[in-house]
Amino acid sequence: MSTPAAEVQLGFEGMPTRLYPATPSRLTTFLDCPRRYRMAYLDRPTPPRGAPWAHNSVGAAVHTALARWWDLPERSRTPEAGGMLLVRGWLTDGFRDGRQSLDARERAREYVERYLTDVDPAVRPIGVERTVSLRTARAALWGRADRIDDRPGEGVVVVDYKTGRSVLTVDDARASMALAVYAAATARTLRRACTRVELHHLPTGDVVAWDHTDESLEQQLRRADDLAAELGVLDSAYDAGLSRVEADEAFPAHVGPRCGWCDFRSSCRPGQSVPPHKSWDGIDD
């Protein structure tokens with residue numbers, strides 16, 4: 001998705017205040033590792049990335065199949081149709097070989113079909129891959145929600161699909177700044193109250209949910225606003241011309257297990273202290 005033009009709103013005494021444009025993904029990338037953030041968003045030219053990851057191929061294919069399922073005529077929205085969409089849109093990047101890719105495809109097909117057995121094809125979501133946005137005091141935030149439901153008795157619900165191996169907990173939904181931003185942005189965009197967020201884990205069929213209060217949403221939005229303000233200062237300093245030493249100090253590497261999965265590991269000396277993963281690691285054989 002292309003970055004929208006920077007927005008402005010009036011600050012004190014009519015002076016325009018530039019809003020920092022960002023997605024939740026951009027903000028959380030900085031929280032995970034400032035060095036990775038710099039390489040992904042600021043360095044020009046962008047440092048070379050490593051090989052594609054197989055788990056990303058799985059995630060992309062599953063998300064696409066679940067989105068396109070709603071484009072089918074209602075009578076054609078069967079679990080098997082969802083499986084066929086997965087097969088047709090399958091991506092082979094990152095796998096060790098054709099056999100591993102085929103095995104992963106069939107597992108993904110199975111859990112897409114199992115998931116769709118519990119989805120009513122007649123009750124269309126009010127948003128599928130829907131872009132939502134809102135402004136805070138210092139940021140223009142936007143993102144694309146996997147699915148937005150309107151459920152009797154529950155109201156508007158933001159649904160986020162997950163395809164990784166990690167077991168999810170309620171804390172994952174409760175603490176997610178990204179989900180909170182999606183909920184608040186959905187409320188702002190659709191002009192409907194939205195406080196419930198859900199993570200749907202396709203491999204296990206588990207659903208973890210959290211019902212935000214107005215106060216908890218506001219707390220997460222303040223967190224996002226503070227982070228956007230910090231990034232605005234750092235981005236401007238970098239663009240103005242930091243030395244390599246200054247840039248490394250301003251955007252330190254958070255060295256840890258995730259470094260083995262990082263696209264920019266070959267360009268990050270601290271991250272190279274962590275053994276690299278192969279592009280197909282994390283895919284069950």
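Quick caveat: nothing in here was measured; it's all calculated off a predicted structure.

Let us look at the overall build of the chain. If you tally the helices and strands in the chain, you get nine helices and eight strands. Taken against the 2.2 N^0.38 rule, which gives 19 Å for 285 residues, the C-alpha radius of gyration of the chain at 20 Å falls within 12% of a compact globule. Taken over the C-alpha atoms alone, the chain extends approximately 55 × 45 × 30 Å along its principal axes. Partitioning the contacts of the chain with sequence separation of at least 6, the portion at a separation of at least 24 is 67%. Element-wise, carbon and sulfur atoms account for 51% of the exposed surface of the chain, whose accessible area totals about 15200 Å².

We now examine the nonpolar core. Leu-27, Leu-141 and Leu-231 are the most contacted members of the largest nonpolar core, which has 38 residues in total. Here this core takes nine residues from helix H7 (residues 177-190), the largest share from any one element. Discounting chain neighbours no more than four positions away, the residues touching Leu-141 are Ala-22, Leu-27, Val-132, Ser-133, Leu-134, Thr-136, Val-181 and Ala-224. Core analysis: the second largest hydrophobic core is formed by 25 residues, Ala-81, Leu-86, Leu-116 and Tyr-161 among them.

Turning our eyes to something else, we now look at helix H2 (residues 34-42). Within H2, seven of the nine residues are buried, leaving the element largely enclosed by the surrounding structure. Every buried residue of H2 is accounted for by Pro-34, Arg-35, Tyr-37, Arg-38, Met-39, Ala-40 and Leu-42. Looking at the buried positions of H2, the neighbouring elements they touch are strand E3 (20-22), helix H1 (24-32), helix H8 (214-241) and helix H9 (244-250).

Bridge count between strand E7 (residues 194-201) and strand E8 (residues 206-211): six bridges; the pairing is antiparallel. Residue pairing in the sheet places Arg-196 in a bridge with Asp-211 of E8. What sits between the antiparallel neighbours E7 and E8 is a turn of four residues, in which Gly-205 has the positive phi angle 80°.

The next point concerns the pattern of salt bridges. This model, assessed by the stated rule, comprises 24 salt bridges. Between Arg-36 and Asp-263 there is a salt bridge, with its nearest N and O atoms 3.8 Å apart. Separated by 227 residues along the polypeptide, Arg-36 in helix H2 and Asp-263 in the segment after H9 bring together distant segments of the chain. A salt bridge links Glu-106 to Arg-105; the shortest N-O distance between them is 2.9 Å. Under the relative-accessibility criterion, Arg-105 is labelled partly exposed at 22%.

What follows covers the packing of helix H3 (residues 54-69) against helix H5 (residues 98-116). Close contact between H3 and H5 brings their axes to 11 Å; oriented N to C, the two are set at 35°. H5 is crossed by H3, and the crossing has right-handed handedness. Contacts between H3 and H5 involve Val-58, Val-62, Leu-66 and Trp-69 on the former and, on the latter, Ala-108, Tyr-111, Val-112, Tyr-115 and Leu-116. Along the lines of polarity and charge, the residues of the contact of H3 with H5 split into nine nonpolar, no polar and no charged.

What follows covers the packing of aromatic side chains. A complete count under the given rule lists eight aromatic pairs for this structure. With 4.9 Å between their ring centres and 80° between their planes, Trp-69 and Trp-70 make a pair best called edge-to-face. As far as burial versus exposure is concerned, Trp-69 and Trp-70 are alike and both buried. Among the aromatic residues, those joined into a ring-pair cluster are Phe-30, Tyr-37, Tyr-41, Tyr-238 and Phe-251.

The geometry of a pair of packed helices is captured by two quantities: the angle between their axes and the separation between those axes. One way to put it is that H7 packs onto H8 with a least axis distance of 9 Å and a crossing angle of 110°. Taken together, H7 and H8 sit at an angle that is classed as roughly perpendicular. Only Leu-217, Gln-220, Leu-221, Arg-223, Ala-224 and Leu-227 of H8 make contact with H7, whose side of the interface consists of Met-177, Ala-180, Val-181, Ala-183 and Ala-184. When its residues are assigned to classes, the contact of H7 with H8 shows nine nonpolar, one polar and one charged.

What follows covers unusual backbone geometry. Residue Pro-45 is bonded to the preceding Arg-44 through a cis peptide linkage, with omega at 0°. Mapped onto the elements of the fold, Pro-45 is located in the loop between H2 and H3. A positive phi angle is found at Glu-129, which is not glycine, with a value near 50°. Looking at the secondary structure, you find Glu-129 in strand E4 (residues 127-135).

This brings us to the environment of Asp-120. Examined against the element boundaries, Asp-120 turns out to sit in the loop between H5 and E4. Looking at Asp-120, the relative accessible area reads 40%, which means it is partly exposed. Along the sequence, Asp-120 and Val-181 sit 61 residues apart, while their C-alpha atoms lie 27 Å from each other. Here the side chain of Asp-120 touches Ala-122 through a polar contact of 2.9 Å, landing on its backbone nitrogen.

Thresholds applied
- Residues numbered from 1 in each chain as written.
- Predicted model: local features only at pLDDT ≥ 70, side-chain atom pairs only at ≥ 80, totals over all residues.
- Heavy atoms only, no water.
- Helix = DSSP H or I, 4+ residues; strand = E, 2+ residues; numbered from the N terminus.
- Rg over C-alpha atoms; globule rule 2.2 N^0.38 Å.
- Contact = heavy atoms within 4.5 Å.
- Areas by Shrake-Rupley, 256 points an atom, 1.4 Å probe, with all protein chains shown as cover.
- Core = buried A, V, L, I, M, F, W, Y, C linked by side-chain atoms within 4.5 Å.
- Buried < 20%, exposed > 50% of the residue type's maximum accessible area, 1.4 Å probe, protein only.
- Pairing = 2+ DSSP bridges.
- Salt bridge = Lys/Arg side-chain N within 4 Å of Asp/Glu carboxyl O.
- Axes fitted to C-alpha atoms, helices over the stretch in contact; angles between N-to-C directions.
- Left-handed = near helix turned anticlockwise from the far one by under 90°.
- Nonpolar A, V, L, I, M, F, W, Y, C, P; charged D, E, K, R; others polar.
- Phe/Tyr/Trp six-rings, centres within 6.5 Å; stacked < 30°, edge-to-face > 60°.
- Parallel < 35°, antiparallel > 145°, perpendicular 65-115°, else oblique.
- Polar contact = N/O pair within 3.5 Å; in protein donor to acceptor, adjacent residues only side chain to side chain.

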